[in-house]
Amino acid sequence: MDICIIGGGITGLVAALRFARQHAGNVTIYEQGDTLGGLLSSYMISNTSSNGSTPQNTTHYTIEKLYHHIFSTDTMLLSLFSELNLSSQLHWFSGSTGYYIDGTIHPLTTPFEILRYSYLSLFEKARLGIFTLRAKKYLNEDLDSITAEAFIKSELGEGIYTSFFEPLLRSKFGPNVKEISAAWLVSRVAIRSDRGTSGERLGYLEHGFSHFIDALETEIIQAGGTIHLNTEVTDIRREGEGWRVNDTHYDVVVSTISPTQIQVLGGLECEQVPYQCSICMTLALPRDVLQNIYWVNMGDDAPFGAVIGHTNFAPYEWYHEHIIYLAAYAPQPPAPGYEQKMIDAFCNIFSVQQSEIRWHRLAIEPYAGPLYKTGYRSRIQSKEIAPHFFAAGMFSRENYPERSINGSVAAGEAVVQEVLRTIKQSQE
Ligand SMILES: Cc1cc2nc3c(=O)[nH]c(=O)nc-3n(C[C@H](O)[C@H](O)[C@H](O)COP(=O)(O)OP(=O)(O)OC[C@H]3O[C@@H](n4cnc5c(N)ncnc54)[C@H](O)[C@@H]3O)c2cc1C
């Protein structure tokens, strides 16, 4: 059996690994980019430290194009790390948080900092605390048809919604904020409640997730799989019992790209899922500007919704410079000039000279994640969308009500089971 996998992100890599290891057939991945990993791919950086005007050592490191960490509840991912012998490289760090309002960073990690925060009353803080503790008890199916706005206003009141949740939702979903379901919001609150007095417990791989992508690539090739980089799938058509992808025949296709792209490429009827675009700048500085905080949400107006101090989370010694992400989401890719707008705003807000920025890169990902609007759950479709054509990825059941690395590992595993079951049934 010849199997084609469209997309070399986590879903595609995990599916390829399982097909290849189970000798289910000849598996080939098509990836349009020049590296594997999709949204979890990394930059390779060379950093030359200097002593005054004299260059010293050059260190090389990889850093994710988009900020990533994992949670202790990511069971499928943790078991894959163990299978790939990566568990000893996994570290659990404290993720501290803050809120930038009225020109100041307000730390919000320790109980004392939360008590001192003046934008919510003591009563509102108590309600928020109880809500966070109860978040795990809500059922997604009950929350899918209610907007996050209506739910929070009814559970916690107008004040907490406007001063706390609305800026967060707006920075994540922009103009779609009023349509996002309570299922998405409550699941985020629940997953982020794994915290101690020094912050959230978040996992990260020593020297980055590029080691995970490399390990998957090595294992797939060793198990006999084929990977084509820089190979965009531009044409999919039915051919006999199987499919022609570009100019090659396959018995089975597993697509991990968005349903919109599948429909455009192959004319296949499938449930459409609206996506949003991520605009993420990574930059390096010689000093910390975030008061040692990992995650600062922007309450004030800025062309980014959060500023993430990666080296206030992972050790500075791994990089020898401070790495910062400026994170924004939008319905579409931004107009030219946005890059400079982000830099100007960052320098202005955090009193940084542009000459202090050692390097910066901008990643624009038009398919960064589905918009979890109300009613999403009932529209999740089954994986076989046409005979011998399967679709799995961020839009799959395993990634509801929020996409994640763990969800894509689960979607990759599940689609392989589904393909093998379907093929077996058709042979009986
Ligand atoms: C800003 C940001 C931060 C995130 N942070 C976290 C985090 O902290 N923790 C977490 O768990 N998750 C996080 N995620 C989510 C996580 O990155 C994704 O859920 C996961 O990586 C998705 O993997 P995937 O394989 O399903 O999709 P993708 O990574 O999108 O893979 C799809 C692949 O298909 C390729 N492709 C597209 N079209 C074609 C074509 N026509 N031909 C060939 N190839 C094609 C793409 O290039 C891509 O490589 C974050 C996502 C974003 C956007």
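Data block above holds the structure.
It should be emphasised that the depicted structure is a prediction, and the values quoted were computed from it without experimental measurement.

Quick notes on the rules
As a convention, each chain's residues are numbered from 1 in the sequence order in which they are written. A pLDDT threshold of at least 70 governs which residues receive local features in this predicted model, and a stricter bar of 80 or more applies before side-chain atom pairs are shown or counted, although totals over entire chains, interfaces and linings include all residues. Note: side-chain values were computed over all heavy atoms of the structure, leaving out hydrogens and water. Helix numbers and strand numbers start at the N terminus; a helix is a DSSP run of H or I with at least 4 residues, a strand a run of E with at least 2. Each residue is placed in one exposure class: buried if its accessible area under a 1.4 Å probe, protein chains only, is under 20% of its type's maximum, exposed if it is over 50%, and partly exposed if it falls in between. By the convention used here, residues are in contact when the closest approach between their heavy atoms is within 4.5 Å. Pairing between two strands is assigned when DSSP locates at least 2 bridges connecting them. A fitted line through C-alpha atoms serves as each axis, taken over the contacting stretch for helices, and the angle formed by two N-to-C directions is quoted from 0 to 180°. For this classification, under 35 degrees means roughly parallel, over 145 means roughly antiparallel, 65 to 115 means roughly perpendicular, and everything else is oblique. Each residue gets one of three labels, nonpolar for Ala, Val, Leu, Ile, Met, Phe, Trp, Tyr, Cys and Pro, charged for Asp, Glu, Lys and Arg, and polar for the others, Gly among them. A single heavy atom is enough: if one lies within 4 Å of a molecule or strand, its residue is considered near that molecule or strand. Throughout this description, a polar contact denotes any pair of N or O atoms lying within 3.5 Å of each other; where both atoms belong to protein, one of them has to be capable of donating a hydrogen while the other can accept it, and for residues adjacent in sequence the pair is counted only when both atoms sit in side chains. Note on areas: Shrake-Rupley with a 1.4 Å probe; residue coverage comes only from the protein chains shown. The start and end points of each domain follow an automatic or database-based domain assignment. Among the buried residues, those of types Ala, Val, Leu, Ile, Met, Phe, Trp, Tyr and Cys that are joined through side-chain atoms within 4.5 Å form a nonpolar core. The term salt bridge refers to a pairing of a side-chain nitrogen on Lys or Arg with a carboxyl oxygen on Asp or Glu at a separation within 4 Å. Expected helix span is computed as 1.5 Å times (number of residues minus one). Bend is the name given here to the angle between axes fitted to two runs of seven residues, the run ending at a residue and the run starting at it.

J.: I'm lost on the environment of T58 in this one. Help?
T.: With respect to the helices, strands and loops of the structure, T58 is situated in strand 4 (residues 54-64). Assessed through its relative accessible area of 41%, T58 is described here as partly exposed. Separated by 52 residues in the primary sequence, T58 and I6 have C-alpha atoms spaced 37 Å apart. If we skip the residues at most four places from it in the chain, T58 touches S46, N47 and T48.

J.: Just checking my understanding: could you explain the sheet that holds strand 10 (residues 226-228) for this structure?
T.: Adjacent strands of a sheet form backbone hydrogen bonds with each other and so pair up, either parallel or antiparallel. Read from one edge to the other, the open sheet built from six strands follows the order 10-2-1-14-21-20, with strand pairing classed as mixed. Looking at the sheet topology across the chains shown, the edges are occupied by strand 10 and strand 20 (384-386). Averaged over neighbouring strand pairs, the angle between their axes works out to 25° when direction is ignored. The pairing of strand 14 (residues 252-255) with strand 21 (residues 389-391) spans three bridges and is classified as parallel. The residue bridging V253 from the neighbouring strand is F389, located in strand 21.

J.: I keep staring at the packing of helix 2 (residues 75-83) against helix 12 (residues 405-427) and nothing clicks. Help me out?
T.: When two helices pack together, you describe them by how their axes are tilted relative to each other and by the distance separating the axes. Running from N to C, helix 2 and helix 12 point in directions that differ by 75°, and their axes come no closer than 7 Å. In terms of axis orientation, helix 2 runs roughly perpendicular to helix 12. On helix 12, the residues touching T75, M76, L77 and L80 of helix 2 are I405, N406, V409, A410 and E413. A class-by-class count of the residues in the contact of helix 2 with helix 12 yields six nonpolar, two polar and one charged.

J.: What's the story with the site of the ligand in this structure? I'm lost.
T.: Close to the ligand lie 30 residues; T11, E31, L39, H68 and H69 are nearest. Separating an oxygen atom of the ligand from a backbone N or O atom of I10 is a distance of 2.9 Å. Between V233 and the ligand, the recorded distance is 2.9 Å, taken from a backbone N or O atom to a nitrogen atom. Computed on the free molecule, the ligand has an accessible area of 1000 Å², of which 93% lies beneath the protein chains in the complex. Elements represented by at least two residues in the shell around the ligand include exactly helix 1 (10-21), helix 10 (259-266) and helix 12. Classifying every residue of the shell around the ligand gives twelve nonpolar, 15 polar and three charged. Both domains that furnish three or more residues to the shell around the ligand are identified here as domain 1 (2-39 + 209-273 + 379-427) and domain 2 (69-95 + 200-208 + 276-370).

J.: I keep staring at the nonpolar core and nothing clicks. Help me out?
T.: Side chains of nonpolar character tend, in soluble globular proteins, to be buried together. With 68 residues, the main nonpolar core has I5, I10, F19, I63, F81, Y204 and F212 as its most contacted residues. Per-element tally for this core: the top contributor is helix 1, with eight residues. Looking at this core, you find at least three residues from each of domain 1 (2-39 + 209-273 + 379-427) and domain 2 (69-95 + 200-208 + 276-370). Beyond its immediate stretch of four places on either side in the chain, F19 contacts I3, I5, A24, G25, V27, V254, V416, V419 and L420. Residues C4, Y138, F151 and V273 belong to the second largest nonpolar core, which totals 55 residues.

J.: What is the right way to read the pattern of salt bridges from this model?
T.: Once the charged atoms of two side chains with opposite charge are near each other, the side chains can pair. In total, this model carries 20 salt bridges according to the counting rule given. Ionic pairing is found between R170 and E166, a salt bridge with its closest N-O pair at 2.9 Å. Within this pair, R170 and its partner E166 are both found in helix 7 (residues 158-173), separated by four residues, close to a single helical turn. It is possible to trace a salt-bridge network through shared partners that takes in R18, R21, E83, E219 and E413.

J.: Just to check I follow, could you spell out helix 7 for this structure?
T.: Helical geometry note: an α-helix holds 3.6 residues per turn, so side chains three or four residues apart project in the same direction. Helix length check: helix 7, at 16 residues, gives a terminal C-alpha distance of 19 Å against a target of 22 Å (1.5 Å per residue), a shortfall beyond 12%. Of all the bends in helix 7, the greatest reaches close to 45° and is centred on F165; the proline P167 follows between one and four positions later. Every buried residue belonging to helix 7 is among I160, Y161, F164, F165, E166, L169, S171, K172 and F173, and all of these are buried.

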